[in-house]
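Here's the letter readout for the chains.
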Amino acid sequence: MAEMIATRSAYGKALVSLGARRNDVVVLDADLSKSTMTAEFAKAFPDRFVQMGISEQDMMATAAGLAAAGKVAYASTFAVFAAGRAFEQVRNSVCYPQLDVKVCATHAGLTVGDDGGSHQAIEDIALMRVLPNMKVFVPSDATVTEWIVKQAAEVPGPVYVRLGRLPVPVLYQPDQRFEVGRAATLRNGNDVAIIACGLMVSKALEAADILIAQGIEARVIDMFSIKPLDLEAIACAAADCGAIVTAEEHSIIGGLGGAVAEAVTSAGKCVPVERIGVADKFGKSGKPDQLLEAYGLTAESVAQAALRCIARARGM
Amino acid sequence: MVSRRVECSKQLAAIAAKLRVDVMEMVFRVQTGHLGGSLSAAEILTTLYYHQLNVDPNNPDWPDRDRFVLGKGHAAPALYVVLADLGFFPREELKSLRQINCMLQGHPDMRKTPGVEMSTGSLGHGLSAAIGMALAARLDGKHYHVWALLGDGELDEGQIWEAAAYASFSGLTNLTAIVDFNRVQLDGPTDCILCMDPVADKWRSFGWNVVEADGHCVDSLLKAYEEALAVTERTGKPSVILAHTVKGKGVSFMEGQAAWHGGVPNAQQYEQAMKELTQQLELRGDCGCSR
């Protein structure tokens with residue numbers, strides 16, 4: 001059984017080690033530091049922590065001002081507020097002037113749980129990836145989270161990192177190497193490709209286990225870099241497997257599934273794409289596992305989508 | 001870059017009068033751009049850039065420079081005239097305001113225009129960005145001052161008040177806001193659209209010192225800057241200067257008229273406007289000081 005760590009926890013830890021290494025890193029939060037885990041940075045570097053109060057719009061533009069004056073500003077709140085409430089500040093004060101603001105949004109997706117649909121961001125990937133100059137990352141585990149949080153300080157310009165509340169399995173060894181714009185292939189196979197992000201990567205691995213019992217070898221790709229997207233991995237998946245399933249804890253509109261579908265058509269590949277995600281609905285209260293079940297974000301539904309996709313490919 | 005500092009208030013008034021002429025000429029030429037709020041900010045921008053701000057046109061990225069954020073980014077034409085005159089970029093650029101592939105975008109763009117500290121235009125962002133710069137100065141132990149110019153219509157934006165609360169709560173003493181208080185917004189007089197009176201009381205209740213000034217009187221503005229800085233130092237609270245102005249100032253038929261927020265003159269109107277503005281320039285004339 002893999003160790004379980006929430007990506008937000010890995011974020012809190014990574015920030016502290018980054019802060020120790022780089023004096024120009026400042027962190028802003030909008031009264032959620034105990035939940036976003038920036039409280040750890042606040043404790044370690046109180047001078048470089050900016051508590052903004054419940055004012056996300058002000059926070060994003062203040063982060064932009066800090067960045068304009070030479071800082072690398074990490075701004076954290078829940079994804080629904082970071083990408084939604086403060087969208088226009090992120091657009092005009094961060095992305096338009098290409099400032100070094102790293103928006104690290106936690107509590108993304110349905111697994112926020114009990115708080116309900118008002119707090120479950122299912123559209124933030126779509127909102128952030130449409131912005132010019134923005135880079136979008138959805139880490140699947142603690143290891144890749146730690147890497148991307150540190151990498152974000154090295155990558156010039158705006159970055160959006162989507163983090164989760166729920167502990168998720170650690171998928172990578174600490175010495176695993178990652179690259180911006182390069183997906184990680186976790187399992188090889190040529191019958192179907194499952195391209196996933198965030199906590200759906202571990203579900204995709206479970207789905208691959210289900211499929212192998214039926215003699216189907218699924219390729220599992222962790223597309224943690226949504227923008228820049230790994231077009232080569234997608235084109236290869238289309239060419240090698242002829243069938244693609246996407247899986248994300250996000251609306252099936254505009255997120256990873258949308259990005260992959262765009263890439264497949266742009267590459268001129270005629271392969272079916274089945275998108276697993278939230279089917280154009282808001283979330284609701286419930287336990288995280290109940291919600292994933294209720295919205296079809298399970299290993300079983302990914303495996304079923306794979307079978308459908310293979311059948312569609314054969315019929316083409 | 002203190003050497004450029006103009007002390008003579010007559011000379012500053014003359015620079016402001018010239019700025020109006022240049023703004024009118026520039027906007028008329030390209031038939032696009034916001035005149036009303038540019039004309040109302042003429043003395044404010046002049047006193048800041050020719051007297052108050054420590055900036056160096058030859059070294060726009062000098063780390064210790066004062067920062068100026070034009071919250072009311074639509075007054076870009078006035079800012080561009082000032083920056084060009086100071087030598088941040090060639091005056092020639094003024095001719096291609098808002099044109100395809102130009103340096104001078106419709107609203108200030110820090111990535112395209114030397115001397116522009118922050119990309120603005122979406123109202124309500126500027127004060128927050130100025131706060132970020134002031135925080136950075138405090139962290140770095142630098143002594144530069146950050147100035148933000150807001151429109152009074154801009155005060156409708158909720159983000160302004162988020163920022164106002166934050167700035168006073170965190171005791172920012174290296175930040176001063178100025179409100180170009182011309183009492184007219186795009187759709188009409190602020191009294192009819194969304195009256196924010198009593199504006200001074202609102203800022204005070206948010207923990208700011210308030211200094212009132214005649215936004216078209218150079219001496220009044222200079223005194224207000226001094227007072228704002230002194231009272232901030234004394235109280236540990238940021239100051240806001242309510243600079244009472246007239247939208248479209250200097251052109252009789254534009255003054256106080258919402259239609260000239262974004263309206264541009266035809267040839268006949270332009271002739272009349274230039275006649276009035278050049279007359280004012282001649283009146284303010286040469287004070288005898290050498291610049």
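The rules behind the values
Along each chain, numbering runs from 1 in the same order as the chain's sequence is written. Written order decides the labels, with chains lettered from A and ligands numbered from 1. Predicted model: local features are reported for residues with pLDDT of at least 70 only, side-chain atom pairs are reported and counted for 80 or more only, and whole-chain, interface and lining totals are derived from all residues. Where side-chain values are given, they derive from all heavy atoms of the structure, hydrogens and water being excluded. Strands are runs of DSSP state E lasting at least 2 residues, helices are runs of H or I lasting at least 4, and numbering of each runs from the N terminus. Here the term buried applies to any residue with accessible area under 20% of the maximum for its type, exposed to any over 50%, and partly exposed to those in between, with areas from a 1.4 Å probe on protein chains only. Accessible surface is estimated by sampling points in the Shrake-Rupley manner with a 1.4 Å probe; for residues, cover comes only from the protein chains shown. By the counting scheme adopted, Arg and Lys are positive, Glu and Asp are negative, and His together with the chain ends is not counted. Charged side chains are reduced to one point each, which is NZ for Lys, CZ for Arg, CG for Asp and CD for Glu. Cavity: a set of points on a 1 Å grid over the protein atoms alone where a 1.4 Å probe fits but cannot get out. Pocket: an open set with protein on both sides within 12 Å along at least five of seven lines, its lining residues, like those of a cavity, having an atom within 4 Å of a point. Grid points are joined across faces, edges and corners, and a volume is the space filled by probe spheres set on the points. Each residue is assigned to one of three groups, with Ala, Val, Leu, Ile, Met, Phe, Trp, Tyr, Cys and Pro labelled nonpolar, Asp, Glu, Lys and Arg labelled charged, and all others, Gly among them, labelled polar. In this scheme, a helix's expected span is set at 1.5 Å multiplied by one less than its residue total. At least two DSSP bridges between two strands are needed for those strands to be called paired. Between N-to-C directions, angles span 0 to 180 degrees; the directions come from axes that are lines fitted to C-alpha atoms, helices contributing only their stretch in contact. Here a residue-residue contact requires only that any non-hydrogen atoms of the pair lie within 4.5 Å. We define buried area as the total accessible area lost by two parts upon association, computed with a 1.4 Å probe and summed across both. We count a salt bridge whenever a side-chain nitrogen from Lys or Arg sits within 4 Å of a carboxyl oxygen from Asp or Glu. Under this definition, polar contacts are N or O atom pairs within 3.5 Å; protein pairs additionally need one hydrogen-donor-capable and one acceptor-capable atom, and for neighbouring residues in sequence, both atoms have to be side-chain atoms. For every residue, the predictor reports its confidence as pLDDT, a number between 0 and 100. What we call a nonpolar core is a set of buried Ala, Val, Leu, Ile, Met, Phe, Trp, Tyr and Cys residues that are connected through their side-chain atoms within 4.5 Å. Throughout this description, any angle smaller than 35 degrees is read as roughly parallel, any larger than 145 degrees as roughly antiparallel, any in the 65 to 115 degree range as roughly perpendicular, and the remainder as oblique. The sense of a crossing depends on the near helix, which, turned anticlockwise from the far helix by less than a right angle, makes the crossing left-handed and, turned clockwise, makes it right-handed.

Novice: How would you sum up the overall build of chain A? Please name residues and give values.
Specialist: Scanning chain A from N- to C-terminus turns up 13 helices and 14 strands. Across the 316 residues in chain A, those meeting the buried criterion constitute 62%. Working note: accessible area of chain A is about 11,700 Å², and carbon and sulfur atoms make up 50% of it. The centroid of the 30 positive side-chain charges in chain A is displaced by 2 Å from the centroid of its 35 negative side-chain charges.

Novice: Run through empty space enclosed by the protein, naming residues and quoting values.
Specialist: Residues and elements named next belong to chain A. On inspection of all chains with the given rule, the structure shows 4 cavities of 30 Å³ or more. Volume-wise, the largest cavity comes out at about 140 Å³. Taken together, 14 residues line the largest cavity, and the ones lying closest to its centre are L163, G164, G198, L199 and E249. For the lining of the largest cavity, a count of residues per class yields 7 nonpolar, 5 polar and 2 charged.

Novice: Tell me what's going on with helix α1 (residues 7–21) of chain A, and back it up with residues and numbers.
Specialist: Compared with the 21 Å implied by 1.5 Å per residue over 15 residues, the 21 Å span of α1 of chain A between its first and last C-alpha is a close match. Every buried residue of α1 of chain A is listed here: T7, R8, A10, Y11, G12, A14, L15, L18 and G19 of chain A.

Novice: Any chance you could break down the sheet that holds strand β9 (residues 184–187) of chain A for me, citing the residues and the numbers?
Specialist: All names here are of chain A. One open sheet holds the 5 strands; their spatial order is β9-β11-β10-β13-β14, and the pairing between them is mixed. On the outer flanks of this sheet lie β9 and β14 (273–278), each paired with one strand and no other. Across this sheet, the average inter-strand angle for adjacent strands is 25°, counted without regard to direction. Sheet topology places strand β10 (residues 192–196) next to strand β13 (residues 244–251); 4 bridges connect them, and they run parallel.

Novice: Explain the interface of chain A and chain B to me, and be specific about the residues and the numbers.
Specialist: On the side of chain B, 23 residues touch chain A, which itself brings 26 residues to the contact. Of the roughly 1,900 Å² buried at the junction of chain A and chain B (both faces included), carbon and sulfur atoms supply 59%. Three residues stand out in chain A for area buried against chain B, namely D58, A69 and Y96 of chain A, and they jointly supply 24% of the buried area on that side. Linking chain A to chain B there are 1 salt bridge. In this structure, D140 of chain B and K71 of chain A form a salt bridge, with 2.4 Å as the shortest nitrogen-oxygen distance. For the pair chain A and chain B, the number of links is 12 residue pairs in polar contact (both at pLDDT 80 or more). Residue assignment for the side of chain A that touches chain B shows that the elements contributing at least two residues are β3 (49–51), α4 (56–68) and α6 (87–95) of chain A. Element by element, the count of residues in the side of chain A that touches chain B is highest for α4 of chain A, at 9 residues. Split by residue class, the side of chain A that touches chain B holds 11 nonpolar, 9 polar and 6 charged.

Novice: I'd like to hear about the confidence of the model for chain B, residue by residue, with values.
Specialist: With 97% of its residues at a pLDDT of 70 or more, chain B shows a mean pLDDT of 96. Confidence estimates for the predicted assembly give a pTM of 0.97 and an ipTM of 0.96.

Novice: Kindly report on the side chain of Q89 of chain A, identifying the contributing residues and their values.
Specialist: Turning to its location among the elements, Q89 of chain A is positioned in helix α6. When its relative accessible area of 5% is taken as the criterion, Q89 of chain A is described as buried. Polar contacts involving the side chain of Q89 of chain A include one to the side chain of Q159 of chain B, which spans 2.6 Å. Leave out the neighbours within four places in its chain, and Q89 of chain A touches Q57, M60 and V94 of chain A together with H125 and Q159 of chain B.

Novice: Could you give an account of the layout of surface pockets, naming the residues involved and the relevant values?
Specialist: Taking a probe equal in size to a water molecule and rolling it over the atoms shows the remaining empty space. Residue and element names in this part refer to chain B. Counted as a void, the largest pocket has a volume near 380 Å³. Those elements that provide at least two residues to the lining of the largest pocket are α3 (42–52) and α9 (218–235). When residues of the lining of the largest pocket are assigned to their parent elements, the largest contribution, 4 residues, is made by α3. Across the lining of the largest pocket, the residue classes tally to 9 nonpolar, 8 polar and 5 charged.

Novice: Describe the nonpolar core, and please don't skip the residues or the numbers.
Specialist: In terms of nonpolar packing, the biggest core is built from 156 residues, with I244 of chain A together with M24, Y49, F68, L127 and W203 of chain B touching the most fellow members. Among the elements that line this core, the one with the most residues is helix α1 (residues 9–30) of chain B, at 11 residues. Those residues in contact with Y49 of chain B, other than ones at most four positions away along the chain, are V55, F68, L79, V82, L83, L86 and G115 of chain B. In this structure, A196, A247, V278 and L291 of chain A belong to the second largest nonpolar core, which totals 33 residues.

Novice: Give me the lowdown on the sheet that holds strand β7 (residues 159–162) of chain A, citing residues and values where you can.
Specialist: Residue and element names in this part refer to chain A. With mixed pairing, the 7 strands of this open sheet are ordered in space as β3-β2-β4-β5-β7-β6-β12. Each edge of the sheet is formed by a strand with only one pairing partner; in this case those strands are β3 and β12 (225–227). When the angles between neighbouring strand axes are averaged without regard to direction, this sheet yields 20°. Relative to β7, strand β5 (residues 101–106) runs parallel, the two sharing 4 bridges.

Novice: Which residues make up the packing of α3 of chain B against α9 of chain B, and what values go with them?
Specialist: All names here are of chain B. The geometry of α3 relative to α9 is characterised by a closest axis approach of 10 Å and an angle of 60° between their N-to-C directions. Put simply, α3 runs oblique to α9. Considering how the two elements wind past one another, α3 and α9 form a crossing that is right-handed. Contact residues: E43, I44, T47, L48, H51 and Q52 in α3; V218, L221, L222, Y225 and L229 in α9. Across the contact of α3 with α9, the residue classes break down as 7 nonpolar, 3 polar and 1 charged.

Novice: Give a detailed account of unusual backbone geometry, specifying residues and quantitative values.
Specialist: A cis amide bond links K227 of chain A with the next residue in sequence, P228 of chain A, at an omega value of 5°. Look at the link from D197 of chain B to P198 of chain B: it is a cis peptide, with omega at -5°. With respect to the secondary-structure elements, P198 of chain B resides in the loop between α7 (190–193) and α8 (199–205). Of note in the backbone geometry, H107 of chain A takes a positive phi value of approximately 55° without being a glycine. Residue classification places H107 of chain A among the buried positions, given a relative accessible area of 4%. For R183 of chain B, which is not glycine, the phi dihedral falls at a positive 60°. Among the secondary structure elements, R183 of chain B is positioned in the loop between β3 (175–181) and β4 (184–185). The partly exposed category is assigned to R183 of chain B, whose relative accessible area is 29%.

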